[in-house]
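Listed below, chain by chain, are the residues.
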Amino acid sequence: MSTPDDLRIRHAVPADVAPVLAFWREAAEGTSISDDPAGVGRLLARDPEALLLAERGGTLVGTVIAGFDGWRCSAYRLAVHPAHRRQGIATALLAAMEDRFTALGGRRVDAMVLEANTRAHGTWGAAGYIREDRWRRWVKPV
Ligand SMILES: CC(C)(COP(=O)(O)OP(=O)(O)OC[C@H]1O[C@@H](n2cnc3c(N)ncnc32)[C@H](O)[C@@H]1OP(=O)(O)O)[C@@H](O)C(=O)NCCC(=O)NCCS
């Protein structure tokens, strides 16, 4: 698979927050507890290089959050616009994310993927990720 030639990947800036939230409503799987301007703004304030955007001709076509807290590398919000899928955009975003993690000294990437999201299983699997059966997610809102 080749990366689209006209694809540009860049870090999001505060002006991107509203367009990204609108994009996720159309392109992402499910919602996050942090899907609001305060939540995404806090992400950018804490780590201005964490939210990666893929653009084509200035149009937002994909996102991923490449979160690194000094301990774990965590991927969130991988999403590609429905009209631009199966063209290597997620693959390009994951490569850019992994470059960032490598540069920061990260050692392994974690991604939470819904069990029912078989389309995503194909994408993570194609990028070399392996599903682990030993863990369950434990959560508590604070
Ligand atoms: C999952 C998603 C991000 C994939 O984006 P994409 O840009 O279409 O993915 P790519 O084109 O880079 O695909 C890479 C590989 O993943 C696999 N893949 C992608 N979509 C697939 C599908 N619908 N069915 C099976 N495998 C798929 C294929 O192996 C593909 O390679 P190929 O096209 O050469 O066969 C996109 O479908 C999406 O945004 N879905 C909704 C949000 C979501 O589920 N995000 C993941 C949350 S964990």
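Residues numbered from 1 in each chain as written. Predicted model: local features only at pLDDT ≥ 70, side-chain atom pairs only at ≥ 80, totals over all residues. Heavy atoms only, no water.

(A) Expanded view of the overall build of the protein chain. The helix and strand inventory of the protein chain stands at 4 helices and 5 strands. Sequence-ordered secondary structure for the protein chain, helices as α and strands as β, is β-α-α-β-β-β-α-β-α. The globule rule puts the C-alpha radius of gyration for 142 residues at 14 Å, and the 15 Å found for the protein chain is close to it. Expressed as lengths along the three principal axes of its C-alpha atoms, the size of the protein chain is roughly 40 × 35 × 30 Å. By residue count, 37% of the 142 residues in the protein chain fall in the buried class. Within the protein chain, residue pairs in contact and separated by at least 24 positions form 65% of the contacts whose partners lie at least 6 positions apart. Carbon and sulfur atoms form 53% of the exposed surface of the protein chain, whose accessible area is close to 9600 Å². Across the protein chain, 19 positive and 17 negative side-chain charges occur, with their mean positions spaced 5 Å apart. (Helix = DSSP H or I, 4+ residues; strand = E, 2+ residues; numbered from the N terminus. Rg over C-alpha atoms; globule rule 2.2 N^0.38 Å. Buried < 20%, exposed > 50% of the residue type's maximum accessible area, 1.4 Å probe, protein only. Contact = heavy atoms within 4.5 Å. Areas by Shrake-Rupley, 256 points an atom, 1.4 Å probe, with all protein chains shown as cover. Lys, Arg positive; Asp, Glu negative; His and termini not counted. Charge placed at Lys NZ, Arg CZ, Asp CG, Glu CD.)

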